[in-house]
Amino acid sequence: MSAQMRITASELRLYLREPSAVAATLALPLLIIVAFGLVIDPAEHDPIVTYFPGLAISFSLAVLSLNLMPSILAGYREKGILRRLYTTPVHPSKVLIGQLLVSCTVAVALAAVVIGAGTAIGFPLPAQPLGFALAFVLGCVSLFSVGLLVAAIAPTARIAGGVGGFLFFVSMFLGGVFTPRETLPGFLGQIGDYTPLGATMAAIRDSWAGDFPQPLHLAVMATITVVFGLASARLFRWE
C-alpha cells in the first residue's frame, strides 16, 4: 500500500472514530429525509418536495467543508504535525490530499444515503441525473475550496472553527437551506445565488425537479472553485 493510501486510510479511521462527525454528515441527512418524508407526501409534484433532499445534502456538505475540514487541517498545523512531516519522506501535502479524499468519499456516501432512503420512502429520484451529478460535483469542490482557504489562513483550530461556523450559518441562511428560498425576500435569494452553498442548493433542487441547473449557478460554483482553490494553494502554510 502506498504512503498516500495509508495516510488516507488513517484519516478515514480518525473520521469514523468521531461520533459527532459521522452523525452530522451521515446520520443527520438520513434523519432529515426520513422525518420529512413521513410528514409530507413525497409523491406530490410540489416545489417543496425538492427542498428536503436538497436540504439534507447541502447541510451535510456545509458541515463537512466549512466545519470539519478547516478545523482538522488547522489543528494539524497548530500541533506541528505538518511541520514534523517535513523531516520524513512523507510530504505533508499527502495529509491534505488524504483529507480531501476522505471528504469526497463521505460526500458521495451521504448523497447515496439521501437518494437511497428518499427513494425507499417515496421521494422521486433526481429527474435530471446528469444535471444532479454536475451540480453535486461542482457543489463539493466549490465548498471544499472555501474550507481549504479557511484552513489556509486560520492560525489555530479554534479560529478555523469560528470562521467556518460563521460562514456555515450565513451560507445556510442566504442559500435557502435553513428555509426554502421561496420564503426569502427577493434580494436575499439573489445574494444566495452567488454563494457556493446557495448555488449548490438551487442546482440540486433544479435537477431533482427535472430541470438542468441554471448556467448562473454552475458558473458561480466553477468560479469559486478556481478562485478560492488558487488562493488556498498560494496561502496555505505548513507551519
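Look a little higher up for the structure.
Note that this is a predicted model, so its numbers are computed, not measured.

Caption draft 1: Structural context of the overall build of the protein. When helices and strands are counted, the protein shows ten helices and zero strands. Listing each helix as α and each strand as β along the protein from the N terminus yields α-α-α-α-α-α-α-α-α-α. The C-alpha radius of gyration computed for the protein amounts to 18 Å, which stays within 12% of the reference 18 Å derived for 239 residues, consistent with globular compactness. Its C-alpha atoms give the protein principal-axis dimensions of roughly 60 × 35 × 30 Å. Within the protein, the fraction of its 239 residues that count as buried is 48%. Counting every atom, the protein has about 11100 Å² of accessible surface; 72% of that belongs to carbon and sulfur. One finds the centroid of the 13 positive side-chain charges in the protein at a distance of 22 Å from the centroid of its 11 negative side-chain charges.

Caption draft 2: Just helix 3 (residues 47-78), in detail. Between the first and last C-alpha of helix 3 there are 45 Å, a value that for 32 residues agrees with the 46 Å anticipated at 1.5 Å per step. A maximum bend of about 30° is found in helix 3 at Leu68, where proline Pro70 lies one to four positions downstream. For helix 3, a buried count of 25 out of 32 residues is recorded, marking the element as mostly surrounded by other parts of the structure. Phi for Gly80, located one or two positions after helix 3, is positive at around 85°.

Caption draft 3: Inspection of the packing of aromatic side chains at higher detail. Here the structure, examined in full by the defined rule, presents seven aromatic pairs. For the pair Tyr51 and Phe52, a centre-to-centre distance of 5.2 Å together with 65° between the ring planes defines the contact as edge-to-face. Each of the two residues, Tyr51 as well as Phe52, counts as buried. What links up through ring pairs into an aromatic cluster is the set Phe59, Phe168, Phe169 and Phe178.

Reading the values: the criteria
- Residues numbered from 1 in each chain as written.
- Predicted model: local features only at pLDDT ≥ 70, side-chain atom pairs only at ≥ 80, totals over all residues.
- Heavy atoms only, no water.
- Helix = DSSP H or I, 4+ residues; strand = E, 2+ residues; numbered from the N terminus.
- Rg over C-alpha atoms; globule rule 2.2 N^0.38 Å.
- Buried < 20%, exposed > 50% of the residue type's maximum accessible area, 1.4 Å probe, protein only.
- Areas by Shrake-Rupley, 256 points an atom, 1.4 Å probe, with all protein chains shown as cover.
- Lys, Arg positive; Asp, Glu negative; His and termini not counted.
- Charge placed at Lys NZ, Arg CZ, Asp CG, Glu CD.
- Expected span 1.5 Å × (residues − 1).
- Bend = angle between axes of the 7 residues up to and from the residue.
- Phe/Tyr/Trp six-rings, centres within 6.5 Å; stacked < 30°, edge-to-face > 60°.

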